[in-house]
Amino acid sequence: MDSGIKDAAQPVEAAAVMRLLPARPRLLAVGEPTHGEDVLLELRNELFRQLVEQEGHRAIAIESDCLMGLVVDDYVTSGTGTLEQVMRTGFSHGFGASAANRELVRWMRAHNEERPASEHVRFAGFDGPLEMTGPGSPRQALTALHGYLAAHGDAGLLPCAAETLDGLLGADDRWTNPAATMDAAQSVGQSAEARELRLLADDLATLLDVQAPALIAASSRDDWDRARLYGRTATGLMRYHFWMADTSPSRVSRLMGLRDSMMAANLLAVAERGPAMVHAHNRHLQRDKSVIQLAGLPLEWWSAGAIVRAHLGENYAFLATALGTIRHRGVDVPPPDTVEGLLYALPEDRHVVDARRLAAALGDARPVRPRASPYYGYLPLDPAHLDEYEGIVFVRDLPSGQSPSYDRVVS
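Just so it is clear, the structure is predicted and the values come from calculations on it, not from any experiment.

1. A short note on the overall build of the protein chain
Right, on to step 1. In terms of regular secondary structure, the protein chain is built from 16 helices and twelve strands.
Right, on to step 2. A compact globule built from 411 residues should have a C-alpha radius of gyration of about 22 Å, and the protein chain, at 22 Å, falls within 12% of that.
Right, on to step 3. For the protein chain, the spread of C-alpha atoms along the three principal axes comes to 70 × 55 × 40 Å.
Right, on to step 4. Across the 411 residues of the protein chain, 55% fall into the buried class.
Right, on to step 5. Partitioning the contacts of the protein chain with sequence separation of at least 6, the portion at a separation of at least 24 is 77%.
Right, on to step 6. Looking at the protein chain, you have 40 positive and 54 negative side-chain charges, and the mean spots of the two groups are 1 Å apart.

Put into structure tokens, the structure is as follows:
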């Protein structure tokens, strides 16, 4: 193995990661190439602990429902509820079944318990209320936003009464109909009621800025930030539902882009608080455009990472994670002319690699093809995009026996 490639590899530790970066970022994003592998989450947990203890990080954001994440944040900061309740109601996509996610929540609560609020670590979900079967109802976000404005703002500026929202929303199963995922005609997103709700959501969210000084004084900055989350989620969901009813060929690409746009807005809000670690699928955090084939259709959209990078510049840093083998998924030793194959030849089981040094060391000998994975749930590294990573976290081999209850999510 070329000495330049060997020299590019370091232990997966916070200090080694920070040495890869030209400046301390507001958001340090660490991706995963597949979901459902607790080994990767355990590695995330250890890195986050080091970032908190050595680098002053104060938050972690993961690819989970942003509204459900409030349950986790309340628990880790104030002890609201129980750990069992939080794992059951604080995560989407089945991620509450993960032992590593449970350990993350337990550690965050223990860390915060004896510290003042100014030193607390915070938790955020940054995905929208979106499952593989489709988007959630906008009821929670809209009613919580309206309730905050009614309690702390000028009630005379509200565009409608709470009863009006309730009537327009109707039954929640209208919004969560899984058939609408594949059949636009099943969506209520362009009904007269949905169009009216979309306008009201925009008016309500705008009031948060119009009345910001009074609202923050009457409640708190934390409460106002939470209301902004309700506002982003309400407008984002109404927009998503609207385009669920679209029948054009660009429907799915647009929906993919809208999801990542919602993610990006939540990440930018996390960045306002200070240095944070972000963890999600590589595809959501990468800086290049996402391109996939689905049912024979080419789909393209900008990822959340690409959008955030456009806003934050070097205040956003991304480390992709790659794997050697996932034998219980039929993913065997990678071919030597792939990035994963080159990293697999290194002796260490886990390391972080300076991606740009790796690209320079490869030079003209850079692998010409990405790895082909027999498991659809694994996203291989594309050698054409090495220069767009700050680093690569590589795990040589994964053990078998992962939990099937949250393994179903691809990205």
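2. Here's the deal with the packing of aromatic side chains
The geometry of an aromatic ring pair is captured by two quantities: the separation of the ring centres and the angle between the planes.
Right, on to step 1. Under the criterion given, the structure shown has five aromatic pairs.
Right, on to step 2. A ring pair is formed by Phe-48 and Trp-107, whose centres lie 6.0 Å apart and whose planes are at 80°; its orientation type is edge-to-face. Separated by 59 residues along the polypeptide, Phe-48 in helix α3 (residues 38-55) and Trp-107 in helix α6 (residues 99-113) bring together distant segments of the chain. As far as the burial class goes, Phe-48 and Trp-107 line up, both buried.
Right, on to step 3. Ring geometry for Phe-242 and Trp-243: centres 5.2 Å apart, planes at 80°, overall edge-to-face.
Right, on to step 4. Judged by relative accessible area, which is 14%, Phe-242 ranks as buried.

3. Notes on helix α9 (residues 192-210)
Right, on to step 1. For α9, which comprises 19 residues, the first-to-last C-alpha distance of 27 Å matches the rise-based estimate of 27 Å (1.5 Å per residue) to within 8%.
Right, on to step 2. Taken together, the buried positions of α9 are occupied by Ala-194, Leu-197, Leu-200, Ala-201, Leu-204, Ala-205, Leu-207 and Leu-208. Buried residues of α9, seen end-on, are gathered within an arc of 145° and therefore sit on one face of the element. Pointing more than 90 degrees away from the buried face of α9 are the exposed residues Ala-192, Leu-199, Asp-209 and Val-210.
Right, on to step 3. Considering only its buried residues, α9 is in contact with α7 (139-152), α8 (162-169), α10 (212-218) and α11 (221-244).

4. Some remarks on the packing of α7 against α8
Right, on to step 1. Running from N to C, α7 and α8 cross one another at 170°; their axes reach a closest spacing of 10 Å. For the element pair α7 / α8, the angle class is roughly antiparallel. On α8, the residues touching Arg-139, Leu-142, Thr-143 and His-146 of α7 are Ala-162, Leu-165, Asp-166 and Leu-169.
Right, on to step 2. Residue composition of the contact of α7 with α8, by class: four nonpolar, two polar and two charged.

5. Re the environment of Asp-74
Right, on to step 1. Relative to the helices and strands, Asp-74 is located in helix α4 (residues 69-78).
Right, on to step 2. Note on Asp-74: relative accessible area 25%, which makes it partly exposed.
Right, on to step 3. With 49 residues separating them along the chain, Asp-74 and Phe-123 place their C-alpha atoms 8.7 Å apart.
Right, on to step 4. Setting aside chain neighbours within four positions, we find Asp-74 in contact with Gly-79, Thr-80 and Arg-226.

6. Topic: the pairing of strand β3 (residues 59-65)
Right, on to step 1. Burial runs high along β3: seven of the seven residues are buried.
Right, on to step 2. Sheet topology note: the β3/strand β4 (residues 122-127) ladder contains five bridges and is parallel. Bridging from a neighbouring strand, Ala-61 pairs with Ala-124 of β4.
Right, on to step 3. Note: β3 against strand β7 (residues 276-281), three bridges, orientation parallel. Bridge assignment links Ile-62 to a residue of β7, and that residue is His-279.

7. Focus on the sheet that holds strand β12 (residues 391-397)
Right, on to step 1. Sheet architecture is open: eight strands sit in the order β1-β11-β12-β10-β2-β7-β3-β4, paired in mixed fashion. What marks the edges here is a single partner per strand, and that holds for β1 (9-10) and β4.
Right, on to step 2. Of the strands in this sheet, β11 (350-354) and β12 touch helix α16 (residues 355-362), which is tilted by about 75° from β11.

8. Structural notes on the pairing of strand β2 (residues 27-32)
Right, on to step 1. Burial of β2 is extensive: six of the six residues sit out of reach of the surface.
Right, on to step 2. Burial along β2 is two-sided: Leu-27, Ala-29 and Gly-31 and Leu-28, Val-30 and Glu-32, pointing in opposite directions, are all buried.
Right, on to step 3. Examined bridge by bridge, β2 and β7 share six bridges and lie parallel to one another. Residue pairing for β7: Gly-31 is matched across the bridge by Ala-280.
Right, on to step 4. Where β2 meets strand β10 (residues 316-325), four bridges bridge the pair, whose relative direction is parallel. By the bridge assignment, Ala-29 is partnered in β10 with Phe-318.

9. Notes on the pattern of salt bridges
Right, on to step 1. In this structure the tally under the stated criterion is 22 salt bridges.
Right, on to step 2. Of the charged contacts in the structure, one is a salt bridge between Arg-49 and Glu-46, with a shortest N-O distance of 2.9 Å. Here Glu-46 and Arg-49 lie together in helix α3, a separation of three residues that amounts to about one turn.
Right, on to step 3. Salt bridges here are not isolated pairs; linked through shared partners, they connect Arg-221, Asp-225, Arg-228 and Glu-272.

Cut-offs and rules
- Residues numbered from 1 in each chain as written.
- Predicted model: local features only at pLDDT ≥ 70, side-chain atom pairs only at ≥ 80, totals over all residues.
- Heavy atoms only, no water.
- Helix = DSSP H or I, 4+ residues; strand = E, 2+ residues; numbered from the N terminus.
- Rg over C-alpha atoms; globule rule 2.2 N^0.38 Å.
- Buried < 20%, exposed > 50% of the residue type's maximum accessible area, 1.4 Å probe, protein only.
- Contact = heavy atoms within 4.5 Å.
- Lys, Arg positive; Asp, Glu negative; His and termini not counted.
- Charge placed at Lys NZ, Arg CZ, Asp CG, Glu CD.
- Phe/Tyr/Trp six-rings, centres within 6.5 Å; stacked < 30°, edge-to-face > 60°.
- Expected span 1.5 Å × (residues − 1).
- Arc of directions from axis to C-beta.
- Axes fitted to C-alpha atoms, helices over the stretch in contact; angles between N-to-C directions.
- Parallel < 35°, antiparallel > 145°, perpendicular 65-115°, else oblique.
- Nonpolar A, V, L, I, M, F, W, Y, C, P; charged D, E, K, R; others polar.
- Pairing = 2+ DSSP bridges.
- Salt bridge = Lys/Arg side-chain N within 4 Å of Asp/Glu carboxyl O.

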